[in-house]
Amino acid sequence: MDKQQAQLEELKEIRSLMEQSSRFLALSGIAGVIVGAIAIAGIILAYVHLGLYNNIQPYYEKINVTIDEGNKQNALFLLTVSLVVLVSSLMIGVLFTARKAKKQKMAAWDATAKRMFINMAIPLVAGGVYAIILCYHDNIFLIAPSMLIFYGMALLNASRYTINDIRYLGIIEISIGLLASVFVEYGLLLWGLGFGIFHIIYGLSIYFKYER
């Protein structure tokens, strides 16, 4: 019986080593929660800046009636907020990932991490460029949906090299993006739902499932 138990333990160890060599497992759930909180803070800042905090009025109902100079400035402000949220989120993700990898005595930047980063970066860069193009052509109402969709595609790409939970978050982000493409007047709120609320839910799920 002891011999059989020892063999099972060896098999588990071999499986664990194989998984670590093919998947990047140092993603932090706490980072996901913080990223979600930053996104929600960005939404609040946008609503305060646009004067929509007294009621839940859809943002695009105001900005998309006429594309005048004031609306373009508002669109530029939102794009800036989105970029600040993105850069801050990436920095926090890298910081907490490196911290977790060090704690678990894992390499924070190995071949698997590089593959994950490249596969995630391609849709993200394409989505960023596409958002700028939409802004240039005054298709402001499609910026929030496109960001959600491209981000979801990036997560789907990255899920091949890390935990499967990322895949489910990617599907959710794409679904919310498609929903925002239909109900464009609620694009800002749906952006907050995807990047904020669901990131917090994902982060808590990862924390209690793998880190606690």
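Just above sits the structure.
Values in this document were obtained by computation on a predicted structure and should not be read as measured data.

1. Thoughts on the environment of Tyr-168
Line of reasoning, step 1. Mapped onto the elements of the fold, Tyr-168 is located in helix α7 (residues 165–182).
Line of reasoning, step 2. By relative accessible area, Tyr-168 is classed as exposed at 53%.
Line of reasoning, step 3. For the pair Tyr-168 and Leu-156, spaced 12 residues apart in sequence, the C-alpha separation works out to 8.1 Å.

2. Digging into the nonpolar core
Line of reasoning, step 1. Ile-143, Trp-191, Phe-195 and Tyr-202 are the most contacted members of the largest nonpolar core, which has 34 residues in total.
Line of reasoning, step 2. Of all the secondary-structure elements, those providing two or more residues to this core are α2 (29–50), α4 (69–103), α5 (111–136), α6 (143–158), α7 and α8 (187–211).
Line of reasoning, step 3. Sorting elements by how many residues they give to this core places α6 first, with 7 residues.
Line of reasoning, step 4. In this view, Tyr-202 contacts Leu-27, Ile-163, Asp-165, Ile-166 and Leu-169; residues no more than four positions away in its chain are not counted.

3. A word on a nonpolar patch on the surface
Line of reasoning, step 1. Nonpolar side chains collect at one region of the surface, where Val-125, Val-129, Tyr-130 and Ile-133 lie side by side and expose about 350 Å² of accessible area between them.
Line of reasoning, step 2. Here Ile-133 is to be found in helix α5.
Line of reasoning, step 3. Assessed through its relative accessible area of 39%, Ile-133 is described here as partly exposed.

4. Things to note about the packing of α2 against α8
Any two packed helices are characterised by the angle at which their axes cross and by the distance between the axes.
Line of reasoning, step 1. Relative orientation of the contacting elements α2 and α8 amounts to 160 degrees, with a least axis distance of 7 Å. On the basis of their axis angle, the class for α2 and α8 is roughly antiparallel. Read as a crossing pair, α2 and α8 show a hand that is left-handed.
Line of reasoning, step 2. Considering only residue class, the contact of α2 with α8 consists of 18 nonpolar, 7 polar and 1 charged.

What counts, and where the lines are drawn
- Residues numbered from 1 in each chain as written.
- Predicted model: local features only at pLDDT ≥ 70, side-chain atom pairs only at ≥ 80, totals over all residues.
- Heavy atoms only, no water.
- Helix = DSSP H or I, 4+ residues; strand = E, 2+ residues; numbered from the N terminus.
- Buried < 20%, exposed > 50% of the residue type's maximum accessible area, 1.4 Å probe, protein only.
- Core = buried A, V, L, I, M, F, W, Y, C linked by side-chain atoms within 4.5 Å.
- Contact = heavy atoms within 4.5 Å.
- Patch = residues over 30% accessible without salt bridge, like charges linked within 9 Å, V, L, I, M, F, W, Y side chains within 5 Å.
- Areas by Shrake-Rupley, 256 points an atom, 1.4 Å probe, with all protein chains shown as cover.
- Salt bridge = Lys/Arg side-chain N within 4 Å of Asp/Glu carboxyl O.
- Axes fitted to C-alpha atoms, helices over the stretch in contact; angles between N-to-C directions.
- Parallel < 35°, antiparallel > 145°, perpendicular 65-115°, else oblique.
- Left-handed = near helix turned anticlockwise from the far one by under 90°.
- Nonpolar A, V, L, I, M, F, W, Y, C, P; charged D, E, K, R; others polar.

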